Amino acid sequence: MKKTSTRLADGRELVYYDARDDAVRDAVDLRPLHPIATTSEIRHDPLLGDSVAIASHRQTRTYHPPADECPLCPSRDGRSSEIPAADYDVVVFENRFPSLAGDSGRCEVVCFTSDHDASFADLTDEQAALVLEAWTDRTAELAELPQVEQVFCFENRGAEIGVTLGHPHGQIYAYPFTTPRTALMLRNLDEHRAATGRNLFDDLVARESAAERVVLETGEWLAFVPYAAHWPYEVHLHPKRRVPDLRALDDAARTEFPQVYLELLRRFDRIFDGRGGGKEGSGEPPTPYIAAWHQAPLRDPRRDDFALHLELFTVRRTSGKLKFLAGSESGMSVFINDVPPEAAARRLREVATT
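Residues numbered from 1 in each chain as written. Predicted model: local features only at pLDDT ≥ 70, side-chain atom pairs only at ≥ 80, totals over all residues. Heavy atoms only, no water.

Considerations on the overall build of the chain
What counts here: Starting at the N terminus, helices and strands are each numbered in turn, a helix being any DSSP run of H or I of at least four residues and a strand any DSSP run of E of at least two. Throughout, radius of gyration means the C-alpha value; the globule benchmark is 2.2 Å times the number of residues raised to the power 0.38. The classification of residues rests on relative accessible area computed with a 1.4 Å probe and restricted to protein chains. Under 20% of the type maximum is buried, over 50% is exposed, and intermediate values are partly exposed.
If you tally the helices and strands in the chain, you get 6 helices and 15 strands. Computed over its C-alpha atoms, the radius of gyration of the chain comes to 20 Å, within 12% of the 20 Å expected for a compact globule of 354 residues. For the chain, the C-alpha atoms occupy an extent of roughly 60 × 50 × 45 Å along the three principal directions. Evaluated residue by residue, the chain yields a buried proportion of 51% over its 354 residues.

Written out as C-alpha cells, the structure is:
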C-alpha cells in the first residue's frame, strides 16, 4: 500500500491509499473554496448521561445530487470534485460538513472505489483489503490526536438509512468521549468479570460458536446472529483472537477478512430475493444496511479486555417493509424484533454464494 497525503483548496486533509507503490498523486484542487467554518459543539445530557453533537452547519450539506455532480467521483471531464485526481483506489478526506470538528473531534469520509455505480460488495478481495488498510491507518492517525477518545469506522448504505450520496463510501468519526454504547459494554464487561472472573466477550463468542445462529466461520473469523438481536437481520463478526482495535489484527485475520466480509455483504443482498436482491431485474432494491466497527476507547484502562467486532444490520424486515424505530425503541430504547434470530441466521446460511 502507498499512502499520499495532500490538502484540498480549503485546507482539509485528503489521503490517497493506492495498491501500487508507483502511483503518483500530484493533482491539485483548484476550486475557489473558502476555509470551513463549523458550529459543532458537544452538549451533555444530565438525565441520560450521554452527549449530543449540535452541528447546525450540516443543514446545508449536499443532498442527493445527480450522478454527474457527485462530489465523491474523481475530477474529470472538466468537472472538479472533492477528489482532485482523475481516478483513485481508496481516498479518505476530512468531511466538508462535519458533525465533529476541532476540540469536538473529527469526521472523515472514506471513498471505497472511484466507480460511482458499485457497492462495497462489488469490490475484489484486493480492493476490500485496501479499505481495511485505510481503516487501520486512519485509526492509528486519529488515535494520536489529543482530543480523540474513540475511533468509529462505519458505512451507511441506502436511502432508507438516510444516505444522501449514492457513491460507495463510509465515514470515520473520532469522538472526544467514549460513546454511550461502548460505555455500556464496558460496564457489562466489569460486572461479568466481577461475577465470573472471566471475559464477557470471550464467553459470548464461545457460546455463539456452538449455537445454531452461526452464519459463517473460518479459521480466523466468526459471524453470527446474536441471541438477542435488535434488528431483523443482524450479524456480528468477531476475529477469533480477541484484540481491542483494528491496529491489533494479525496478518492471518487481515488475509481472511476480505473474503469473509464480502461474502456477508453479498448474502445481505440475497436475503429478500433468491436471485440476488439488488441486481437489475431481481425485483428488490439493494439491501440497506449499516456496518459498524466497534473499537476500544483509546485511553480506557480496560481497552485490552474489549473485543474488536463488526456489527452489520439492515432496517428491512421483509421484502418491501422496513423496521421503524417507533415508540418503544425510540422512547424507551426497548427493541422489538419481528424476526427470530435463529430464522435470520438460517436465511443467511441459505443465501450463501455458490
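So much for the structure itself; the text now carries on.
With respect to helix α6 (residues 341-350)
Where we set the bar: Note that the arc is defined by the directions from the helix axis to the C-beta atoms.
Along α6, the positions that sit buried rather than exposed are Pro-341, Ala-344, Ala-345 and Leu-348. Buried residues of α6, seen end-on, are gathered within an arc of 100° and therefore sit on one face of the element.

Some details on the sheet that holds strand β8 (residues 169-175)
Condition: Two strands qualify as a pair provided that DSSP identifies no fewer than 2 bridges between them. Lines fitted to C-alpha atoms define the axes, with helix axes restricted to the stretch in contact, and inter-axis angles between N-to-C directions lie between 0 and 180 degrees.
The 11 strands lie next to each other as β1-β2-β5-β6-β8-β7-β12-β13-β11-β10-β9, forming an open sheet whose pairing is antiparallel. Every other strand in the sheet has two partners, leaving β1 (2-7) and β9 (214-217) as the edge strands with one partner each. Taking the axes of each pair of neighbouring strands and ignoring which way they run, one obtains an average angle of 20° across the sheet. When strand β2 (residues 13-18) meets strand β5 (residues 90-94), the two strands line up antiparallel, connected through 4 bridges. The partner of Leu-14 across the bridge, within β5, is Phe-93.

Focus on empty space enclosed by the protein
What counts is decided by this rule: Cavities and pockets were defined on a 1 Å grid built from protein atoms only: a cavity is a group of points that admits a 1.4 Å probe but offers it no way out, a pocket is an open group of points flanked by protein on both sides within 12 Å along at least five of seven lines, and a lining residue is one with an atom within 4 Å of any such point. Grid points are joined across faces, edges and corners, and a volume is the space filled by probe spheres set on the points. Throughout, the ten residues Ala, Val, Leu, Ile, Met, Phe, Trp, Tyr, Cys and Pro are labelled nonpolar, Asp, Glu, Lys and Arg are labelled charged, and all others, Gly among them, are labelled polar.
Applying the stated rule across the entire model yields 1 cavity of 30 Å³ or more. In this structure, the largest cavity is lined by Glu-220, Pro-239, Lys-240, Arg-241, Leu-249, Asp-250 and Ala-253. Residues of the lining of the largest cavity, tallied by class, amount to 3 nonpolar, no polar and 4 charged.

Topic: the layout of surface pockets
Quantified by volume, the second largest pocket comes out at close to 530 Å³. If one sorts the elements of the lining of the second largest pocket by residue count, strand β7 (residues 150-157) sits on top with 3 residues. Within the lining of the second largest pocket, the residues separate by chemical class into 14 nonpolar, 11 polar and 7 charged.

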